[in-house]
There are 2 protein chains.
Amino acid sequence: MAKNDGISMSVIRRLPRYYRFILELDEKGVERISSKKLAEIMNVTASQIRQDFNCFGGFGQQGYGYSIPFLKEEIRKLLGFDDFNDAIMIGFGNLGKAVSRHIDFNAMGFNLLGIFEKDESKIGMDVNGIKVSDQKDLPLFLENNKPTVAILCLPKASVGNVLPLLYESGIKNYWNFSHYDIARVYHDTIIENVHMQDSLMILSHRIKSKDNI
Amino acid sequence: MAKNDGISMSVIRRLPRYYRFILELDEKGVERISSKKLAEIMNVTASQIRQDFNCFGGFGQQGYGYSIPFLKEEIRKLLGFDDFNDAIMIGFGNLGKAVSRHIDFNAMGFNLLGIFEKDESKIGMDVNGIKVSDQKDLPLFLENNKPTVAILCLPKASVGNVLPLLYESGIKNYWNFSHYDIARVYHDTIIENVHMQDSLMILSHRIKSKDNI
């Protein structure tokens, strides 16, 4: 199954969290789980789980629960992990280092072709077999390679200098850690922005609200 | 105003994004903006903005729009930026480095008291005037200091070793970059988890869905 038809974006946005829990259960060798048990572990309601899983045909059997390998496979397909996307990373500061070393790109269907950085002291460093390249060589690289995704780990002020080159070489998909508003400049792009500090702001609010109770 | 009463969590979760745009306008010296113009910049509907801002008394005036300094101040209060929280960071690997150097804790009402790390090669490094301390010294530090927030930038497998110490010293608020499920162990905690790869999974899905259209 694993069609996207009829699955709302709010369900899709819950899939990564399901996937993390399902993967952990799979790694522990668990083969089946009831919606009740999964609800307990994930701290959501069992009816929410049943409703969400029904969307992609992950029907549990009364008394048997859900098959973990089936759920894992269906969520992988829905999230597109089986279709590989060639990606490049721009920026290898602390953030680029953290992202390149912490994220298992292959496991999520991304093939990291190269990392580009301006700071000479970082050029030549190795990340899982990929040598950090001089950003000056990016135009030549893009003539010979056709990545479809760019991961932007550079400051907002630097994005404007490199974005036109990326876009004009055909890159329309961005994982954006900068605060640069790509969508405002290029409308036919797919962008996921990561604003780490947003969740710190929410934490601040929740601490204050609790104080007020 | 800036009470939390009656403001739904879904509005609260949109505040960080509003705050980023409002701050940028404020820094540019913009004093007033219409919901229509702000909606354009933020790529949301004007009616959503009016509805959200009404929740906290940020009424715009017909023909005058919203006051940027007023909005900034009200959102700051709602997000609790005026109440300072003492925080410590555990883990100074690539992720800890990126977080400690990229996030302006003070601007969001957090006072970073210390950074703790096991790796001797990193102990003594300086981050905006804070020296990275040996994690061995954490128990003594917690006897003499009472931070209320811990920022966890260490691997999931290491969290279990340090979490009981943090919790028993009275830390109930966590900004958690590990995949350790704190809420499952301690129920009376406030936790914001950051799962960077979740948005990469959504990007993968969106790229695939577009391909299918």
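A. Looking closely at the packing of helix 2 (residues 35–42) of chain A against helix 3 (residues 46–55) of chain A. Residue and element names in this part refer to chain A. Running from N to C, helix 2 and helix 3 point in directions that differ by 110°, and their axes come no closer than 8 Å. Put simply, helix 2 runs roughly perpendicular to helix 3. Seen along the crossing, helix 2 lies across helix 3 with a hand that is right-handed. For the pair helix 2 and helix 3, contact is made by Ser 35, Lys 36, Leu 38 and Ala 39 and by Ala 46, Ile 49, Arg 50 and Phe 53, respectively.

B. The interface of chain A and chain B, seen in detail. On the side of chain B, 59 residues touch chain A, which itself brings 59 residues to the contact. Across the chain A/chain B interface, buried area totals approximately 5600 Å², and carbon plus sulfur atoms make up 65% of it. When residues of chain A are sorted by the area they lose upon contact with chain B, A:Met196, A:Leu200 and A:Met201 head the list and together hold 12% of the total. The interface formed by chain A and chain B holds eight salt bridges in total. As a salt-bridge pair, B:Arg206 and A:Glu192 come within 2.9 Å of each other at their nearest N and O atoms. Inspection of the region where chain A meets chain B yields 22 residue pairs in polar contact (both at pLDDT 80 or more). Those elements giving two or more residues to the side of chain A that touches chain B turn out to be helix 1 (9–27), helix 4 (68–78), helix 5 (94–102), strand 8 (173–176), strand 9 (190–193) and helix 9 (196–212) of chain A. Ranked by the residues each element gives to the side of chain A that touches chain B, the list is headed by helix 9 of chain A, at 15 residues. Taken together, the residues of the side of chain A that touches chain B sort by class into 29 nonpolar, 13 polar and 17 charged.

C. View of the relation of the copies chain A and chain B. Placing chain A over chain B gives an RMSD of 0.0 Å and needs a rotation angle of 180°, together with 0.0 Å of translation along the axis. The operation mapping one copy onto its partner corresponds to a two-fold rotation axis. Proximity to the rotation axis, assessed at the C-alpha, singles out A:Asn94 in chain A; its C-alpha lies 3.0 Å from the axis. A share of 100% of interface residues in chain A that are also interface residues in chain B marks the association as one of identical surfaces.

D. Looking closely at the sheet that holds strand 4 (residues 110–117) of chain B. Residue and element names in this part refer to chain B. Strand order in the open sheet made by the seven strands is 5-6-4-3-7-8-9, with mixed pairing throughout. Edge positions in the sheet fall to strand 5 (126–127) and strand 9 (190–193), since each of these pairs with one other strand and no more. Across four bridges, strand 8 (residues 173–176) lies against strand 9 in parallel orientation. Looking at strand 9, one finds that Trp 175 is bridged to Glu 192.

Parameters at a glance
- Residues numbered from 1 in each chain as written.
- Chains lettered and ligands numbered in written order.
- Predicted model: local features only at pLDDT ≥ 70, side-chain atom pairs only at ≥ 80, totals over all residues.
- Heavy atoms only, no water.
- Axes fitted to C-alpha atoms, helices over the stretch in contact; angles between N-to-C directions.
- Helix = DSSP H or I, 4+ residues; strand = E, 2+ residues; numbered from the N terminus.
- Parallel < 35°, antiparallel > 145°, perpendicular 65-115°, else oblique.
- Left-handed = near helix turned anticlockwise from the far one by under 90°.
- Contact = heavy atoms within 4.5 Å.
- Buried area = accessible area lost by both parts, 1.4 Å probe.
- Salt bridge = Lys/Arg side-chain N within 4 Å of Asp/Glu carboxyl O.
- Polar contact = N/O pair within 3.5 Å; in protein donor to acceptor, adjacent residues only side chain to side chain.
- Nonpolar A, V, L, I, M, F, W, Y, C, P; charged D, E, K, R; others polar.
- Least-squares fit on C-alpha atoms with pLDDT ≥ 70 in both.
- Pairing = 2+ DSSP bridges.

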